[in-house]
Amino acid sequence: MPRSKTDLSDQIDTIIREAVAHIIALVDTEREAILESVQQAVTALDSSLKDRPGLPEALRRAVPTSIARPVGSKRPPRDQWVRTADVVIRLRELLTGRRDGARIAELREETQFSDMQLHRALRELRDGGEVTKEGELRRTVYRYTGSKHPSSAKKKPSAKKKPAAKKKPAAKKKPAAKKKRSPSRQTTRPPRAQWVSTDDVKLAARKALRRKSKGLRMSDLCAATGFSDKQLYRAVMALVDEGTVQRVGKLRNMRYVLGS
């Protein structure tokens, strides 16, 4: 290679090295300046936050509600819970006056109860034989048929048996071991002597209402007297017809007050 070309390439390499070194020096200088300015800004921010203790609270309030952490809804107080017994009593009163029945949408609109509460109460009424269900889906109609008590089935008179033909005496067999008698099934219905008359329930309801001048709900009457809601419903409705008891309020807040 000629000497002139070698000197030119060396000069080019020297220029390139110097340019790269100069660029690296400039970048390092700029980086140090940026880091120093950031550090100064952070220090100034810390000092301003210490001087203003109420600033973090203001920043927290300025955060949109969609970003803020959702607060869990509190459970309503116990005295505001909707009892299934109250829903059952309300549905019994509504369906009693409707011969054609009612749909779930109509019941929801008149009682303001939710679908889950209505279905739970209707299932209880159907299990007790008081309500029948006809149709499917949105066309389902619920009709009140009244409380039913299991009636004892009458035994049909058996046909007279023809006299059996005489058989030849068979060989004597060994006496079989006696079988143990299985205990008889206990019926859920109490004996007739233990039935509760409506007059006794009416007397207990009047005593409970006499203690509370502001009246009691049906569920509170059940707890105070120990009778079932069906027994108390018959007794209280009889007292309402007599004018001894008055109904105050509507829907969930309905109370029974002893008249003056």
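These notes cover the structure that comes with them. It should be emphasised that the depicted structure is a prediction, and the values quoted were computed from it without experimental measurement. (Residues numbered from 1 in each chain as written. Predicted model: local features only at pLDDT ≥ 70, side-chain atom pairs only at ≥ 80, totals over all residues. Heavy atoms only, no water.)

Contact geometry of helix H4 (residues 104-111) with helix H5 (residues 115-127) gives a least axis separation of 10 Å together with a crossing angle of 115°. It follows from the interaxial angle that H4 and H5 lie roughly perpendicular. Here H4 runs over H5; the crossing is right-handed. Here H4 contributes Ile104, Leu107, Arg108 and Thr111 to the contact with H5, which in turn contributes Asp115, Leu118, His119 and Leu122. (Axes fitted to C-alpha atoms, helices over the stretch in contact; angles between N-to-C directions. Helix = DSSP H or I, 4+ residues; strand = E, 2+ residues; numbered from the N terminus. Parallel < 35°, antiparallel > 145°, perpendicular 65-115°, else oblique. Left-handed = near helix turned anticlockwise from the far one by under 90°. Contact = heavy atoms within 4.5 Å.)

The next subject is a positive patch on the surface. A cluster of basic residues, Arg120, Arg123, Arg126 and Lys133, forms a positive patch at the surface. Ranked by residues supplied to the positive patch, first place goes to H5 with 3 residues. Inspection of the secondary structure puts Arg126 in helix H5. (Patch = residues over 30% accessible without salt bridge, like charges linked within 9 Å, V, L, I, M, F, W, Y side chains within 5 Å. Areas by Shrake-Rupley, 256 points an atom, 1.4 Å probe, with all protein chains shown as cover. Salt bridge = Lys/Arg side-chain N within 4 Å of Asp/Glu carboxyl O. Lys, Arg positive; Asp, Glu negative; His and termini not counted. Charge placed at Lys NZ, Arg CZ, Asp CG, Glu CD.)

Leaving glycine out, the prevailing phi sign among residues is negative, and the prevailing peptide bond configuration is trans. In this structure, Gln112 takes a positive phi of about 65° despite not being glycine. Its place among the elements puts Gln112 in the loop between H4 and H5. Relative accessible area serves as the criterion here: at 52%, Gln112 is assigned to the exposed category. (Buried < 20%, exposed > 50% of the residue type's maximum accessible area, 1.4 Å probe, protein only.)

Here the focus is the environment of Thr244. Turning to its location among the elements, Thr244 is positioned in the loop between helix H8 (229-242) and strand E3 (245-248). When the C-alpha atoms of Thr244 and Leu258 are compared, they prove to be 6.2 Å apart, with 14 residues separating the residues in sequence.

A contiguous nonpolar patch, built from Leu8, Ile12, Ile16, Val20 and Ile24 and spanning about 440 Å² of accessible area, is present on the exposed surface. Structurally, Ile12 can be placed in helix H1 (residues 3-51). You can call Ile12 partly exposed: its relative accessible area is 43%.

This part takes up the pattern of salt bridges. Taken as a whole, this structure holds 11 salt bridges when the rule is applied. Of the charged contacts in the structure, one is a salt bridge between Arg92 and Glu130, with a shortest N-O distance of 2.9 Å. Of this pair, Arg92 sits in helix H3 (residues 84-96) while Glu130 sits in the loop between H5 and strand E1 (131-134); the two residues are 38 residues apart in sequence, bridging distant segments of the chain. Note on accessibility: Arg92 and Glu130 belong to one class, buried.

Any link to function would need more than the numbers given here.
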